[in-house]
Amino acid sequence: MNVKQIIASTVAKHLNEGEIVNLGIGIPTLVTDYLHDDSSIYIHSENGILGVAPVPEEQEPDFDLVNAGKIPVGINEGASFFDSADSFAMIRGGHVDVAVIGALEVDEKGRIANWSVPGKNVLGVGGAMDLVEGVGRVIIATTHTTKDGLPKIVEHAHYPLTSQRSVDLIITELATFRVKEQQLILSELAEGVTIEEVKRKTTAKFIIELTESIEEISVS
Amino acid sequence: MNVKQIIASTVAKHLNEGEIVNLGIGIPTLVTDYLHDDSSIYIHSENGILGVAPVPEEQEPDFDLVNAGKIPVGINEGASFFDSADSFAMIRGGHVDVAVIGALEVDEKGRIANWSVPGKNVLGVGGAMDLVEGVGRVIIATTHTTKDGLPKIVEHAHYPLTSQRSVDLIITELATFRVKEQQLILSELAEGVTIEEVKRKTTAKFIIELTESIEEISVS
Amino acid sequence: MKKLITKEQVIPLIQNGHTVMVGGFGLTGAPLTLIEMLGDSPVKELTVISNNLGEPGKGLGKLLVQKKIKKAIGSFFTSNIDAVKASQAGELEVELLPQGTMAEAIRAGGAGVGAIYIKASVDTLLSEEKEMRVIGDSKYVFQEALKADVAIIKAYKCDTLGNLIYRKSARNFNPPMATAAKVVIAEVEEIVEVGQLTPDEIVTPHLYVNYVVLHRKEGA
Amino acid sequence: MKKLITKEQVIPLIQNGHTVMVGGFGLTGAPLTLIEMLGDSPVKELTVISNNLGEPGKGLGKLLVQKKIKKAIGSFFTSNIDAVKASQAGELEVELLPQGTMAEAIRAGGAGVGAIYIKASVDTLLSEEKEMRVIGDSKYVFQEALKADVAIIKAYKCDTLGNLIYRKSARNFNPPMATAAKVVIAEVEEIVEVGQLTPDEIVTPHLYVNYVVLHRKEGA
């Protein structure tokens, strides 16, 4: 598995059966690859679909059936289509259980920045603010560092925040952090990753409370 | 024709082809009886129908298909069903051209009172306020006087107003008034009715500008 | 079907003092089986949000004579003489809203919109104690969103996931109410297999529906 | 079909300085034939309300390089490098809204709602100059309704009355935009006889649709 696949498969493990999950652009869209076929998790796409599935292999892509990343998808049995106003009514009204989204940065209170880069004209915000304010749980799926190797989980965000709300879970290829009372808690390490590596690549303060099973892996 | 039929048939003459018309409870619902079969006037019912028609004679009444008066109706070809929020979005958003509604009173500025009787607990307002604020033209369909013979078109309303908006047309079994710049204009007389009779049964001030064709009838 | 429950499971969901939305326009589209179940429950002091209060002894009219309803928020209660009597006797508190304002406030509640500005009832007795605001060149009334603890609604069919469709004008307030309560119980005439309702046909997607009960035909 | 018009009839409907809503999420559900027609029109200084600005040279991207667009209101323009350049060069004014706020503000515009309160973007840089208000125990941003002079939208089929249905996720912003403009022009793939679309199937009832043009398949 590559880095993106590691992140997406870890996210999949943190979803509960029966949940309605919105998947953001990029890594989050890969999550559907790691749900088992008889899963009762339903994927919501903010452009107007409940019940997104991978495109069936034998099928031609249909450009009238795309996800939030404008990539052709398939649908499950029991799926439905609706307009953008109704779709965001679901998000804003708290009817979507989980959002999995990317981030430019996460600060040490668990708040994210994922829409604007200072000094550049701001030309995109998309649905991230609606999702972070509206859904039950927010899961951040991101590489642990930037392309240049700089930490993305930082003491203070350099970029403007998406919301004052703290997210619930931050999942990278190295580790998983829970956020509790605006505090980051390192709860899982990926195979072969040490606490020291995570500390070196993270400038935000965090508490360590590894879940047993994962701790075993990390010390093995 | 009885009084109600005279009023409803006069209303029908004042509707234009292509208009979307909402019909209120009571006399207004009779208007559909006076539209010709190939009319392009479409009837909107605020409980969620566009394209109301009379119940076809051979058909059993369907109590899942009722008008605003909770009376079973039929539908035209091209009719559609929607929920109450979407239905009032049409009304409030100005997408319904005409509302035909009843009134307890009309004042001499053409404003109506049709929801509340002072001294009694107010227990009903319905959709009248939404209609008067939202639609293009408001046509009042009412008997000229109360059951007790008292004028309904009065100098000042005794009952609370439904809106500050003046209606566009007031149609009774005796006469039709246009409302222009908050002034009532007697524009038509029913067959056999004299200006004197209308004056006697109306306490609101009004101007007389009879349309030619009707004037001929009234003097004949 | 996992969401299908019985009367014994419905009763504890609605508790003393709860705010309950009840679908229907008059008796059309009203969840009569669910209302019947509430009639057999010891629950009391309910605040009911519903366009009407049924008819004397029918629908919500039953709960009214059982004195289970403390307060009613809706648009038209005049058609039930028992509501008029209860209000005059000081046994029923009434909050009247224009029908469209009510429908839109329920939609807002479900869509995570905090409040809306509506023209209906501006400068009338009905809103004399309400906040007004000029937006553009019109005056609007401030209306907070409406939400409920429980919504009981009536649909036509559901699939085994809980997707709903409605029958003709029995749709009315049911879809917006399905979005605006913490717990949504739908009474349906028929349950079909998932996949039987097409993605374009579904009116209320399953994420809004917590529980389903089967409609009991009168006399059955 | 009375509402069916040609390019020559479309062009004069959209005038210099007009505010134009344009449906679509990326190119999915975008009215490409109508946009093409605008490209051949001398019209300029348009304010465009659309989620995106197409792609470089495609869809609205075409009108952008023709410098017909003075201002863009939407949620995500970053995917078109030409929009980024035009903005940096001071040739394009941009107003960014969270995608859900935009969708809901358009719906409000169509539904005669003057303004709405939304949580998304509260206490962020995006709304630092916006009015806030606490309702219940949450903070909301005040958002005025969005309306337009003209909406150009894409639908799948229409009947000869102008009722519309959409295809899969090509629905997106098209139905709310169909409600929020003085003049609505729908581009459709197919016209069917009235009666071919059932009352439950119709998504946009004909009262919202002023004109229809036929979609021209690429290369055709």
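Note that the coordinates shown come from a computational prediction; the quantities given were computed from them, not determined experimentally.

A.B. asks: Would you mind going over the overall build of chain A in detail, with residue names and values included?
C.D. replies: Looking only at helices and strands, chain A features five helices and 12 strands. A compact globule built from 220 residues should have a C-alpha radius of gyration of about 17 Å, and chain A, at 17 Å, falls within 12% of that. C-alpha atoms of chain A, sized along the principal axes, occupy 45 × 45 × 30 Å. Expressed as a percentage of contacts within chain A between residues at least 6 apart in sequence, the contacts between residues at least 24 apart total 58%. On chain A, roughly 9400 Å² of surface is accessible, and the fraction owed to carbon and sulfur atoms is 49%. In chain A, 17 positive and 33 negative side-chain charges are present, and the distance between their average locations comes to 11 Å.

A.B. asks: Break down the overall build of chain C for me, with residues and values.
C.D. replies: Along the backbone of chain C there are six helices and 13 strands. In terms of C-alpha radius of gyration, chain C reaches 17 Å, essentially the compact-globule figure of 17 Å for 220 residues. In terms of its C-alpha atoms, chain C occupies a principal-axis envelope of roughly 50 × 40 × 25 Å. For chain C, buried positions account for 62% of its 220 residues. Taking as baseline every contact in chain C between residues at least 6 positions apart, the subset at least 24 positions apart corresponds to 72%. In the structure as shown, chain C presents an accessible area of about 8100 Å², 47% of it carried by carbon and sulfur atoms. Between the mean site of the 25 positive side-chain charges and the mean site of the 25 negative ones, chain C shows a separation of 2 Å.

A.B. asks: If you had to explain the pattern of salt bridges to someone new, which residues and values would you point to?
C.D. replies: Throughout the structure, instances matching the rule amount to 42 salt bridges over all chains. With a closest N to O distance of 3.0 Å, Arg137 of chain A and Glu19 of chain A form a salt bridge. In this pair, Arg137 of chain A sits in strand 8 (residues 137-141) while Glu19 of chain A sits in the loop between helix 1 (3-13) and strand 1 (20-23), placing the two residues 118 residues apart along the sequence. For Arg137 of chain A, a relative accessible area of 22% gives the class partly exposed. Among the ionic pairs, Asp62 of chain B bridges to Lys168 of chain C, the shortest N-O distance being 3.1 Å. Of the two residues, Asp62 of chain B is situated in the loop between strand 3 (49-53) and strand 4 (74-81) and Lys168 of chain C in the loop between strand 10 (164-165) and helix 6 (174-179); the pairing between them involves two chains. Overall, Asp62 of chain B belongs to the buried group, its relative accessible area being 16%. One salt-bridge network, in which partners are shared between bridges, spans Asp62 and Asp64 of chain A together with Arg167 and Lys168 of chain D.

A.B. asks: So what's going on with the environment of Ser121 of chain C? Which residues, and what values?
C.D. replies: Along the chain, Ser121 of chain C turns up in the loop between strand 5 (113-118) and strand 6 (132-135). Through-space distance from the C-alpha of Ser121 of chain C to that of Glu95 of chain C is 14 Å; in sequence the pair is 26 residues apart. The contact partners of Ser121 of chain C, leaving out residues within four places of it in the chain, are Met129 of chain B together with Pro98, Leu126, Ser127 and Val141 of chain C.

A.B. asks: Explain the confidence of the model for chain C to me, and be specific about the residues and the numbers.
C.D. replies: On average, residues of chain C score 96 in pLDDT, and 99% of them reach the 70 mark or higher. Interface predicted TM-score (ipTM) for the complex: 0.96; the corresponding pTM is 0.97.

A.B. asks: Let's hear about the interface of chain C and chain A: which residues, and what values?
C.D. replies: Counting residues at the interface gives 18 residues for chain C and 18 residues for chain A. Counting each side, the surface lost to burial between chain C and chain A is near 1400 Å², with a carbon and sulfur contribution of 61%. Applying the counting criterion to the chain C and chain A interface returns five residue pairs in polar contact (both at pLDDT 80 or more).

A.B. asks: Describe the interface of chain D and chain A, listing the residues and the values that go with them.
C.D. replies: Every contact between the two is made by 40 residues of chain D and, on the other side, 34 residues of chain A. When the two sides are added together, the surface that chain D and chain A hide from each other amounts to roughly 3100 Å², 61% of it contributed by carbon and sulfur. If you sort the residues of chain D by the area they bury against chain A, Phe25, Lys168 and Ser169 of chain D come out on top, with a joint share of 19%. On the surface where chain D and chain A come into contact, there are four salt bridges. Between chain D and chain A we count 20 residue pairs in polar contact (both at pLDDT 80 or more) in total.

A.B. asks: Now, about the side chain of Gln99 of chain C: what can you tell me, with residues and values included?
C.D. replies: Considering the arrangement of structural elements, one finds Gln99 of chain C in helix 5 (residues 99-110). For Gln99 of chain C, a relative accessible area of 3% gives the class buried. Aside from chain neighbours lying at most four places away, what touches Gln99 of chain C is Glu46, Phe88, Gly126, Gly127 and Asp130 of chain B together with Phe25, Asn51, Ser75 and Phe173 of chain C.

A.B. asks: Any details on the packing of helix 2 (residues 84-92) of chain A against helix 5 (residues 99-110) of chain D? Residues and values, ideally.
C.D. replies: Where helix 2 of chain A contacts helix 5 of chain D, the axes come no closer than 8 Å and their chain directions differ by 125°. As the angle between them shows, helix 2 of chain A and helix 5 of chain D are arranged oblique. The interaxial crossing formed by helix 2 of chain A with helix 5 of chain D has left-handed handedness. Mapping the contact onto sequence places Ser84, Ala85, Phe88 and Arg92 of chain A in helix 2 of chain A and Gln99, Gly100, Thr101, Ala103, Glu104 and Arg107 of chain D in helix 5 of chain D. For the contact of helix 2 of chain A with helix 5 of chain D, a count of residues per class yields three nonpolar, four polar and three charged.

A.B. asks: Describe in detail the nonpolar core, supporting the description with residues and values.
C.D. replies: Formed by 213 residues in total, the largest nonpolar core has its most connected members in Ile14, Leu53 and Ile152 of chain C together with Ile14, Leu53 and Ile152 of chain D. Residue contacts for Ile152 of chain C: discarding those within four places in its chain leaves Ile14, Val20, Met21, Val22, Gly23, Pro31, Leu34, Ile35, Leu38 and Ile185 of chain C.

A.B. asks: Could you give an account of the environment of Ile207 of chain A, with specific residues and numbers?
C.D. replies: Residues and elements named next belong to chain A. If you trace the backbone, Ile207 turns up in strand 12 (residues 207-208). For Ile207, a relative accessible area of 32% corresponds to the partly exposed category. Separated by 73 residues in the primary sequence, Ile207 and Gly134 place their C-alpha atoms 27 Å from one another.

A.B. asks: How would you sum up helix 5 of chain D? Please name residues and give values.
C.D. replies: The end-to-end C-alpha distance of helix 5 of chain D, which contains 12 residues, comes to 17 Å, matching closely the 16 Å that a straight helix rising 1.5 Å per residue would cover. Listing the buried residues of helix 5 of chain D in full gives Gln99, Gly100, Thr101, Met102, Ala103, Glu104, Ala105, Ile106, Arg107, Ala108, Gly109 and Gly110 of chain D.

A.B. asks: Could you give me a rundown of the sheet that holds strand 11 (residues 183-189) of chain A, with the residues and numbers involved?
C.D. replies: Residues and elements named next belong to chain A. Read across the open sheet, the 10 strands follow the order 4-3-2-1-5-8-9-10-11-12; overall the sheet is mixed. Edge positions in the sheet fall to strand 4 (74-81) and strand 12, since each of these pairs with one other strand and no more. Note that strand 8 and strand 9 (residues 169-171) share three bridges and pair parallel. Within the sheet, the bridge partner assigned to Ile139 lies in strand 9 and is Leu169.

A.B. asks: Lay out unusual backbone geometry in plain terms, naming residues and giving numbers.
C.D. replies: The phi angle at Gln182 of chain B is positive, at roughly 55°, despite the residue not being glycine. Summarising the element assignment, Gln182 of chain B is placed in the loop between strand 10 (175-180) and strand 11 (183-189). Unlike most non-glycine residues, Asn172 of chain D shows phi in positive territory, near 25°. With respect to the helices and strands, Asn172 of chain D occurs in the loop between strand 10 (164-165) and helix 6 (174-177).

Calculation rules
- Residues numbered from 1 in each chain as written.
- Chains lettered and ligands numbered in written order.
- Predicted model: local features only at pLDDT ≥ 70, side-chain atom pairs only at ≥ 80, totals over all residues.
- Heavy atoms only, no water.
- Helix = DSSP H or I, 4+ residues; strand = E, 2+ residues; numbered from the N terminus.
- Rg over C-alpha atoms; globule rule 2.2 N^0.38 Å.
- Contact = heavy atoms within 4.5 Å.
- Areas by Shrake-Rupley, 256 points an atom, 1.4 Å probe, with all protein chains shown as cover.
- Lys, Arg positive; Asp, Glu negative; His and termini not counted.
- Charge placed at Lys NZ, Arg CZ, Asp CG, Glu CD.
- Buried < 20%, exposed > 50% of the residue type's maximum accessible area, 1.4 Å probe, protein only.
- Salt bridge = Lys/Arg side-chain N within 4 Å of Asp/Glu carboxyl O.
- pLDDT = per-residue confidence, 0-100.
- Buried area = accessible area lost by both parts, 1.4 Å probe.
- Polar contact = N/O pair within 3.5 Å; in protein donor to acceptor, adjacent residues only side chain to side chain.
- Axes fitted to C-alpha atoms, helices over the stretch in contact; angles between N-to-C directions.
- Parallel < 35°, antiparallel > 145°, perpendicular 65-115°, else oblique.
- Left-handed = near helix turned anticlockwise from the far one by under 90°.
- Nonpolar A, V, L, I, M, F, W, Y, C, P; charged D, E, K, R; others polar.
- Core = buried A, V, L, I, M, F, W, Y, C linked by side-chain atoms within 4.5 Å.
- Expected span 1.5 Å × (residues − 1).
- Pairing = 2+ DSSP bridges.

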